[in-house]
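# Secondary and tertiary structure notes
Residue strings, one per chain:
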Amino acid sequence: MRLHNLNRGFFHWLAVIAITLACISIEGEWKWLSEYPNAFIAPFSDWLNVIMDWTVNNCGSFFMGISWLLEWPIWAVQKVLNWLPWSVSVFLFSAVAYAASGWRLAIFTLSATIYMVVIGYWEESMNSLSLVAISVPLAILIGFVIGVWGFYSDRAERVIMPSLDLFQTVPAFAYLLPILLLFGFGTVVGLIASVLYSFPPMVRNTIIGLRSVAPEVIESGLMSGATPSQLFWQVRVPSCRRQILLGVNQATMASLSMVIIASIIGGTSDIGWEVLTTIRKAQFGESLLVGMVIALMAMIIDRITFGLAQRSGIYDPNQQGLFERYRLLLIAALGGAVLFVLAQIFSVLVDWPREMVWSPGRAMNDGLAYLIINYHAQIDAVKTFAFFYVMLPIKIGLQGAVSPFTWGFALTPYHKAIYTLAMAGFSLWLGLRGKNMAGVLVMLFAVFIYFGLTNIPWPCVILIYGVIGWKVGGRNLGLGTMLGFGFMAVTGNWAEAMLSIYLCGIAAIISFIFGTSVGIWAAHNDRVSAFVRPINDTMQTMPLFVILIPFVMVFKIGEFTGLLAIIAYAFVPAIRYAEHGLRNLPETVIEAANMMGATKNQLLWRVKIPLALPVMMLGLNQTIMYAIAMLVIAALVGTNGLEQIVYIGLSDGNFGIGIIAGLGMAIIAIIADRTTQAWSRTRREQLGLDASL
Amino acid sequence: MKTSVEDRKEIKLSCRNVWKVYGARPEGFFENGNGLVKDVSSHAEKLRENDHIVANADVTFDVHAGEIFVIMGLSGSGKSTIVRCLSRLVEPTAGEIILDGEDLLKKSDAELIDIRRHKMGMVFQSFGLMPHLNVIDNVAFPLKLQGKAENECYQQAKRVIELVELQGRENNYPKELSGGQQQRVGIARSLAVEPDIWFLDEPFSALDPLIRKQMQDEFLSIQLKLQKSIVFITHDFHEALRLADRMAIMRDGAIVQIGRPVDLILNPVDDYIREFTLDVPWETILTAADIAEPSDEPLAGLGSVSEDTLIEKLLYYLGDNDRGVIVHAKDGSVLGVATARGVVKALSAGSGPDTSSVKV
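Predicted model only: the values in this text are computed from it and were never measured.

Cut-off values and rules
Residues numbered from 1 in each chain as written. Chains lettered and ligands numbered in written order. Predicted model: local features only at pLDDT ≥ 70, side-chain atom pairs only at ≥ 80, totals over all residues. Helix = DSSP H or I, 4+ residues; strand = E, 2+ residues; numbered from the N terminus. Rg over C-alpha atoms; globule rule 2.2 N^0.38 Å. Buried ≥ 20, exposed ≤ 12 C-beta atoms within 10 Å, placed from the backbone. Contact = placed C-beta atoms within 7 Å. pLDDT = per-residue confidence, 0-100. Domains from an automatic or database assignment. Core = buried A, V, L, I, M, F, W, Y, C linked by C-beta atoms within 7 Å. Nonpolar A, V, L, I, M, F, W, Y, C, P; charged D, E, K, R; others polar. Expected span 1.5 Å × (residues − 1). Bend = angle between axes of the 7 residues up to and from the residue. Pairing = 2+ DSSP bridges. Axes fitted to C-alpha atoms, helices over the stretch in contact; angles between N-to-C directions. Left-handed = near helix turned anticlockwise from the far one by under 90°.

## Looking at the overall build of chain A
Each helix and strand counted, chain A has 31 helices and zero strands in total. Rg of the C-alpha trace for chain A: 28 Å, near the compact-globule value of 26 Å for 693 residues, within the 12% margin. Principal-axis analysis of the C-alpha atoms gives chain A an extent of 85 × 60 × 60 Å. Across the 693 residues that make up chain A, the buried fraction comes to 45%. Across chain A, the fraction of contacts at a sequence separation of at least 24, relative to all contacts at a separation of at least 6, is 79%.

Laid out in structure tokens, this is it:
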């Protein structure tokens, strides 16, 4: 090795690897290395349960009062939406869509709402909508107020930001139960859960928006003689209207996805509940059809709020008459009234008759059954291949995964020697070429793959992740990472945490590689880009549950299904960021490389990708976040990690274990987030690219 | 030298010993609050030694009614800060700002808002347009803030839009306009309230050179119509020369020299100012009056010119006539004689007394 290239970081890593190998070799002697001793598990969850019981017993009536207050508006909206004949509502929704964005959206809205009627889920759809109709304004209001507070007070912001991280990363299943215990059974639980989950993006966008207003715009407002309140409402807020409306949009999407998750506790006849019951009854065709309702609802609301964000007033020197101004409103009111009268005559326009309900659900089930019976072998082959050659080696390592039953041969000392020599040789070769860090990575990877994530002694895992955090983001991140992992060990969730990391990790890596490749392709080919974009948009507005359904249909319950569902959801940001990063490189650098005579390949690998890598890393960051979000839902198809404990906590009514496991997931998410962010930031600074992205 | 016409005019805005200091506790260095200190440079030094940033040090000048007063300085010289002190966008640390005989710094927030609504207009370097409003709403914005009737706002807005020749663009949004057009909107907006005093903070610096020249011409013609009292900030010495009735040059937060552009060219107080004047096309700035000298010799047989004739126009005549040309004031009186020697002397003021290359 070139000795002058060796820095202290390199020796730190060698030491870490040596310690890991040493720990593995003496694992047999010291049992506590392989398994965190039970005696040292702190019963946090029991303490939390005691606190919860006390709160419910002593402050219960207070929360019940809030619950009662919130029940009213939902009830009222629900009554109105159910009272209106479907024909009137469909017309009005389409009119709103037209006003927001034009004919195309109006037609889309019309077809989508009629779909809800025809498949016979109109009432359930309206029940879900009424919950959203209350939760979204509430979340927006709370988010806006907190955002403004955070904007004006630095001290408030320092408290708000980390709390937002927690609200967005602690899985919803974990806080459904405490809400249920405090606020009682009913729609209010869904409301509160969805508000809690959907206000953070509003806060973030409000703060970012208010910050982004150019100082000269503020000054020109002041020089125009704006009072403080005029300055806020007529200068600051409208100047960042787009950003704030983006927050509204994100809050709406989050709220919709939460409405489904919240219905897992039942008690309401809404869409979420229908999705769940049909899944439980293995009526996958029906569940997909119903799930589509939520997806369509999400798309419509998304496009409408987006359309409103783009709209702007037109000045007409010839003052418009009253009729012109309110033309659309008049037409909508008139049309609604006419349809209402018609509905009194033709009852079809009020209640869609049961015999006219058209549902291909049964046919879909039959088709699926046919598919599964006839392609049984192929489906199983895919499953087995992935399980034996990808999932098992990472989970329990080559030493456990390779056996005559799985790989067709047993691991002999001969194989082991070859593996060790090959890996050592490879990393030595990298080291000789001056790429010390790459060599270290190969060594770490070799150890991981051989022994498996779940078999590496827990102190070593804490050490490795801690050192990664330290190297990437400085001492605080390193310490934080160690404490976070320590929390998992101390609360007795170590094994499950590793399973979560394992599943999420594979999914994130596959999604990242797959998504980035597609993104690179899309960045160089406009047609691919145009093709991929609507798919991305749809996947992102699709509620998590619905994504799960097709995979359960084909591959049944199990870890592999969970993995596929996570990948399906998490590859989207990887595509987006890769394309964005590559398409927004400084033009001069590309030109310079072309002038030096770089070939297409050289340009891509030597210039574009290294420069776009920081942005791609943000894509990895988002991929991991998405993967963790989906992992929670994947608990429903029987995965074994922390997410399963959260789910069990909810179904057993054990507040403590649910919230502790939920916190564990939040910790994993936050550590992954901070590490990738820190890496991307330092790299951008080194490259002199815009660090504010 | 002639006496400046502007000196006789009333003073509109007056800036007296204004200091702006950023830091932990700048007020402590100005106990009486009026900014009067014995030795400006040593006081500024003391502030800097105590980890304070001195943005403006003892800035004093007057702006007369109807004149264009240009403040010129390189970036970091404190010119943007001083114009913000004048409008109290930045609160001065010490000193007085007197607008129409009243101390602006003593005004309450409500009074200040009222003054800004009716007396002040400001144009910004990067335009500062409201991105969410179209052209006419941007221009009508200050009027609407005053709570005027919508109709009235739009009529007034239309008038000033015509003044800056943007008619037909009323419905465009700022991002749909070119830089020059955006700044026209900024100018129209600042004029919508018919202000007495007009602040322009590097209004043309973000524009292309050609557009800049064109905007300067239009600015001058607008000023010819409106006769506002103007404080114009720029970092471009040539722009200052083109526009200024009087100008001040700033360095390190303090004013180095104040005067008519010609005074600065002919009598730079130090090398810093002289540096700027070096590449000035002096023949397009100096007039016959600037080089006219009293003459003892008989004036018979000499040609005559009016005092504001540019030297550029005299060069050929002076080349042929050693004795020079008679310079008349506007009232017909004789100011003196302009000679080729006078031209050479004025020119040499820019380069200083350097005779090293001459063998005697």
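We are not done yet, so read on.
## As for the overall build of chain B
When its secondary structure is counted, chain B shows 13 helices and 13 strands. By its C-alpha atoms, chain B is 70 × 55 × 35 Å across when sized along the principal axes. A buried classification covers 43% of the 360 residues belonging to chain B. Taking the intrachain contacts of chain B between residues at least 6 apart in sequence as the baseline, contacts between residues at least 24 apart amount to 67%.

## Section: the confidence of the model for chain B
Here chain B averages 86 in pLDDT, and 96% of its residues register 70 or above. With pLDDT under 50 throughout, residues 1-6 of chain B is counted as low confidence; its partners more than four residues away or in other chains account for six contacts.

## Observations concerning the domain arrangement of chain B
Residues and elements named next belong to chain B. Parsing chain B into structural domains produces domain 1 (5-119 + 195-277) and domain 2 (284-351). Each of domain 1 and domain 2 was reduced to a C-alpha centroid, and the two centroids are 34 Å apart. Contacts between domain 1 and domain 2 engage eight residues on the former and six residues on the latter. Elements represented by at least two residues in the side of domain 1 that touches domain 2 include exactly helix 9 (261-266) and helix 10 (271-277). In terms of residues, the side of domain 1 that touches domain 2 owes the most to one element, helix 9, which gives four residues.

## Some words on the environment of Val59(B)
All names here are of chain B. Mapped onto the elements of the fold, Val 59 is located in strand 2 (residues 53-64). For Val 59, a count of 28 C-beta atoms within 10 Å puts it in the buried group. Residues Val 59 and Ile 255 lie 196 residues apart in sequence; the distance between their C-alpha atoms is 6.1 Å. Contact partners of Val 59, with chain neighbours within four places excluded, come to Cys 15, Val 18, Ile 82, Ala 254 and Ile 255.

## Comments concerning the nonpolar core
One finds Leu176(A) and Met630(A) to be the most contacted residues of the largest nonpolar core, which totals 192 residues. Looking at this core, the element that brings in the most residues is helix 29 (residues 600-634) of chain A, giving 18 residues. Ranked by size, the runner-up nonpolar core spans 99 residues in total, among them Met223(A), Val235(A), Val63(B) and Leu191(B).

## Some thoughts on the interface of chain B and chain A
Every contact between the two is made by 23 residues of chain B and, on the other side, 19 residues of chain A. Residue contributions to the side of chain B that touches chain A peak at five residues, all from helix 4 (residues 135-145) of chain B. Tallied by class, residues from the side of chain B that touches chain A come to twelve nonpolar, seven polar and four charged.

## Describing helix 29 of chain A
Its 35 residues place the ends of helix 29 of chain A only 41 Å apart at the C-alpha level, less than the 51 Å of an ideal helix rising 1.5 Å per residue. Most pronounced at Leu613(A), the bend in helix 29 of chain A amounts to some 55°, and the proline Pro614(A) follows within four residues.

## Some thoughts on the sheet that holds strand 5 (residues 102-103) of chain B
All names here are of chain B. Taken in spatial order, the four strands of this open sheet run 2-1-4-5, and their pairing is antiparallel. The open sheet has two free edges, formed respectively by strand 2 and strand 5, since each of these has just one partner strand. Across the face of the sheet, helix 1 (residues 40-49) comes into contact with strand 1 (11-22) and strand 2 while running at roughly 145° to strand 2. On top of the sheet, helix 2 (residues 79-86) reaches strand 1, strand 2 and strand 4 (94-99); it is set at about 120° to strand 1, its chief contact.

## Quick look at the packing of helix 26 (residues 544-555) of chain A against helix 29 of chain A
Residues and elements named next belong to chain A. Where helix 26 meets helix 29, the axes come as close as 10 Å, and the angle between the chain directions of the two elements is 65°. The handedness of the crossing between helix 26 and helix 29 is right-handed. Residue-level inspection shows Leu 544, Phe 545 and Leu 548 of helix 26 in contact with helix 29, the latter providing Ala 629, Met 630 and Ile 633. Residues of the contact of helix 26 with helix 29, tallied by class, amount to six nonpolar, no polar and no charged.

## Digging into the environment of Leu663(A)
Residues and elements named next belong to chain A. Here Leu 663 lies in helix 31 (residues 655-687). Judged by local crowding, Leu 663 falls into the buried class, with 24 C-beta atoms found within 10 Å. Separated by 17 residues in the primary sequence, Leu 663 and Val 646 have C-alpha atoms spaced 9.5 Å apart.

## Considering the sheet that holds strand 10 (residues 254-259) of chain B
Residues and elements named next belong to chain B. The strand order across the open sheet built from six strands is 6-7-8-3-9-10, with neighbouring strands paired in mixed fashion. Both outer strands of the open sheet, strand 6 (120-123) and strand 10, are each paired with one neighbouring strand and no more. Averaged over neighbouring strand pairs, the angle between their axes works out to 15° when direction is ignored. In the packing of helix 2 onto the sheet, contacts are made with strand 3 (68-73), strand 7 (197-201), strand 8 (229-234) and strand 9 (246-251), and the angle to strand 8 comes to roughly 155°.

## Observations regarding the pairing of strand 3 of chain B
Residues and elements named next belong to chain B. Counting buried positions along strand 3 yields six of six residues, so the element is predominantly enclosed. The alternating pattern of strand 3 places Ile 68, Val 70 and Met 72 and Phe 69, Ile 71 and Gly 73 on opposite faces, both of which are buried. As paired strands, strand 3 and strand 9 are joined by five bridges and run parallel to one another. Counted as the bridge partner of Met 72 is Ile 249 from strand 9.

## With respect to unusual backbone geometry
Negative phi values dominate among residues other than glycine, just as trans dominates among peptide bonds. All names here are of chain B. Positioned with a positive phi, Glu 165 is a non-glycine residue whose angle comes to about 60°. Relative to the helices and strands, Glu 165 resides in the loop between helix 5 (150-163) and helix 6 (179-192). The class of Glu 165 is exposed, set by 12 C-beta atoms lying within 10 Å. Unlike most non-glycine residues, Asp 252 shows phi in positive territory, near 50°. Examined against the element boundaries, Asp 252 turns out to sit in the loop between strand 9 and strand 10.

## Points about the environment of Lys20(B)
Summarising the element assignment, Lys20(B) is placed in strand 1. Residue contacts for Lys20(B): discarding those within four places in its chain leaves Ala55(B), Asn56(B), Thr81(B), Cys85(B), Val90(B), Pro92(B) and Thr93(B).

## Regarding helix 12 (residues 241-262) of chain A
The end-to-end C-alpha separation of helix 12 of chain A is 31 Å, in line with the 32 Å expected for 22 residues at 1.5 Å each. The buried fraction of helix 12 of chain A is high, at 17 of 22 residues.

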